[in-house]
Amino acid sequence: MATSLRARRRSTIGIGGAALVVALALVASACSSSGSSANGTNGNNPATTPTTSGTAVKGGSVVWALPAETSAGYCLAEAQLAISGEQVARAIYDTLTVPNSKDEYVGMLAESVTPNATNTQWTIKLRPNIKFSDGTALDATVVKNNLDAYRGAYPNRAPLLFKFVFGAYVKSTTVVDPMTVQVDTVPWTAFPAYLYGAARVGMMGQAQLDDKNNCAKHLVGTGPFIEKSWKVNDAFIATRNPNYWRKDANGVQLPYLDQITFKPIVDSSTMLNGIQSGNISLALDDGAINIVQYRSLAASHKIQLTESQKYPELAYTLFNVTKPPFDNINARLAFAYAVNAPQENKLRNKDVSPLAQGPFGPGVMGYLKDSGLPQYNPTKAKQYVAMYKQQTGKDLSFTYLSPGTDPEGLKTIDLIKTYLSQVGIKMGVQSVDESQGINDVIGKQFQATAWRNHAGFDPDTEWVWWHCDSPAGQPCDNLVNFNGFNDAVINKALEDGRSATDVAQRTKDYEDVNREFAKQVYDAWGWYSDWTVPAQNNVHGIGNLPLPNGDQPFPGFTSGIDPAGVWLSK
């Protein structure tokens, strides 16, 4: 699944990660019908997870703050959504599958997703009696049309990133009967995860799918809420879907709330003030400075706070290895050894988030506590600076692209500049707005940049960012491999991990990817995300609504939380 670029991040940054960007998420893991049920925690930080005692009641409205606007809209096959957009999408649309607390993909709109013996043919059986917000029925035809739109095979839609995700790997889609779709693919163990795609692969109604002029703004979904109005950079208002198909464990029709007003608030201090004043009911926030304040407020019972460090995404410095100086591994090693990451995390991130050792966070297949990543060592950094000059005849210098103008992010970049100067690396800074920064990265018009990506779903979902079909030694033919590397070890491990069905083998494959990244230093990893949901004390049901089959929900917050389960006490 997949994709998108944008999103504005505030004070959280990585060894270079500042404001920013990114994207996507695909997902994967094996589809499973297993599950547990029961009430309880969702596996998040127990110290700050609020209690959920009490019986949910219906009614009321909330103001829900998000860290960015999704100004390009919600024509899902073509949209570029980060977490803010994904949260709104979860209110309007449902996906075919959804991850549970074990990172297994179970049915949402799909009653079942069944593979053949080789994982090359997938039979999707839909739940009956589900309607879109315009009254039309969810059936096999509209699902096939949606899947074709994502893979670039539907005449009215022109996907960009999703073509890289599905295009070459989904061979055909077929309507088997009114409620069954067959999808033929390459051998693809993680395919059910792509049907969720970080809440990105929702099913749009036929009217929206065919709307050539207003697909991004006139939203038609099967989700718990219906679009009422949207004023860009002000508010997206969604009202309760009176015909929503899901019920809670007590048989009460969802959602509980009458209305949600999503407010994009890009300034971190405004977000914090809104929570403190009560003007904001709840928010999604990963800013370290704010999180410290939220924890203090929660400790004094002025608000409640739910945090998730499981299945995280990460912030880091992205190197362009297609041009100097970072086409030379000595330059990358010099950078990695020069930055005092623990100190940077303490000074700029308040130690809120764990330092990253690789692209896969805790809980994600392929995660390693020690990947072999270079650690802070200024003596070694100076040695690699000297080796770079010996090989190239040039001093090591470059320009760091800051895609965003957030003051906190720029302070972190200045700190990196200080570390580098101490070992003889000269670093300039180019600050541009986020959209320009993304364009520069796509066009590889950068040397190093602050970046955020790789939401913690199945590692196969990272294929789109790293895999190259062109032979090793030749330029990578993947336009969204922003680093520009073409690594035979990573290519093979991704290919093996995609087709393997054995969990142990897949784990080894992605550990190999992890170690190769550390060896080649294609990126300077920063830290894993800590997404939080600060909320007023009368807001309940945050991230703990059981799935349609009774399973507990996925504990990671990198694609937001299920808005259908949020309720207000009187």
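This one's a predicted model, so the numbers in the text were calculated from it and none came from an experiment.

So, how was this worked out
Residues numbered from 1 in each chain as written. Predicted model: local features only at pLDDT ≥ 70, side-chain atom pairs only at ≥ 80, totals over all residues. Heavy atoms only, no water. Helix = DSSP H or I, 4+ residues; strand = E, 2+ residues; numbered from the N terminus. Rg over C-alpha atoms; globule rule 2.2 N^0.38 Å. Buried < 20%, exposed > 50% of the residue type's maximum accessible area, 1.4 Å probe, protein only. Salt bridge = Lys/Arg side-chain N within 4 Å of Asp/Glu carboxyl O. Pairing = 2+ DSSP bridges. Axes fitted to C-alpha atoms, helices over the stretch in contact; angles between N-to-C directions. Contact = heavy atoms within 4.5 Å. Disulfide = S-S within 2.5 Å. Parallel < 35°, antiparallel > 145°, perpendicular 65-115°, else oblique. Left-handed = near helix turned anticlockwise from the far one by under 90°.

Draft legend 1. Main features of the overall build of the protein chain. Looking only at helices and strands, one finds 15 helices and 20 strands in the protein chain. Computed over C-alpha atoms, the radius of gyration of the protein chain comes to 23 Å, within 12% of the 25 Å expected from 2.2 N^0.38 for 570 residues, which places it in the range of a compact globule. Seen along its three principal axes, the alpha-carbon backbone of the protein chain occupies a region of about 70 × 55 × 45 Å. Looking at the protein chain residue by residue over its 570 residues, the buried ones come to 62%.

Draft legend 2. Broad picture of the pattern of salt bridges. The full count for this structure, using the stated rule, is 14 salt bridges. The closest approach of N and O atoms between Asp530 and Arg295, which form a salt bridge, is 3.4 Å. Taken as a pair, Asp530 in the loop between β17 (523-528) and β18 (531-535) and Arg295 in helix α7 (residues 288-299) lie far apart in primary sequence, 235 residues in all. You can call Asp530 buried: its relative accessible area is 1%. With a shortest N-O distance of 3.0 Å, Asp460 and Arg498 are connected by a salt bridge.

Draft legend 3. Up close: the sheet that holds strand β15 (residues 426-432). As summarised here, the arrangement of the five strands in space is β15-β14-β16-β13-β17, forming an open sheet in which the pairing is mixed. The open sheet is flanked by β15 and β17, the only strands paired with a single partner. Each strand axis lies, on average, 25° off the axis of its neighbour in the sheet, ignoring direction. As judged from the two bridges shared by strand β14 (residues 397-403) and strand β16 (residues 448-453), these two strands associate in the parallel manner. Residue pairing in the sheet places Leu401 in a bridge with Thr449 of β16. Of the strands in this sheet, β14 and β15 are in contact with helix α11 (residues 407-421), which crosses β15 at around 165°.

Draft legend 4. Region of the structure containing the state of the cysteines. Scanning the model with the defined rule gives two disulfides in all. One disulfide in the model links Cys75 with Cys215; its S-S distance is 2.1 Å. An S-S torsion of about 80° defines the bridge between Cys75 and Cys215 as right-handed. Of the two residues, Cys75 sits in the loop between β1 (61-66) and α1 (83-92) while Cys215 sits in the loop between α5 (206-209) and β8 (225-231), which places them 140 residues apart along the sequence. Classification of Cys75 as buried rests on a relative accessible area of 4%. Residue classification places Cys215 among the buried positions, given a relative accessible area of 2%. For the protein chain, numbering the cysteines in disulfides from first to last along the sequence yields the connectivity 1-2, 3-4.

Draft legend 5. A look at the packing of helix α14 (residues 488-499) against helix α15 (residues 503-520). Between α14 and α15, whose axes approach to 8 Å, the crossing angle comes to 160°. The angle between the axes of α14 and α15 places the two elements in the roughly antiparallel class. As α14 runs across α15, the sense of the crossing is left-handed. Within the contact between the two elements, α14 uses Val489, Ile490, Ala493, Leu494, Asp496, Gly497 and Arg498 and α15 uses Arg506, Asp509, Tyr510, Asp512, Val513, Glu516 and Phe517.

Draft legend 6. Region of the structure containing unusual backbone geometry. The step from Leu254 to Pro255 runs through a cis peptide bond, and the omega angle for that step is -5°. With respect to the element layout, Pro255 can be found in the loop between β9 (235-240) and β10 (259-264). Here the bond from Pro324 into Pro325 is cis, since omega is 0°, no more than 30 degrees from zero. Within the element layout of this structure, Pro325 appears in the loop between β13 (314-319) and α8 (329-338). If you check the backbone angles, Ala198 has positive phi at about 55° while not being a glycine. One non-glycine residue, Val521, adopts positive backbone phi at about 50°.

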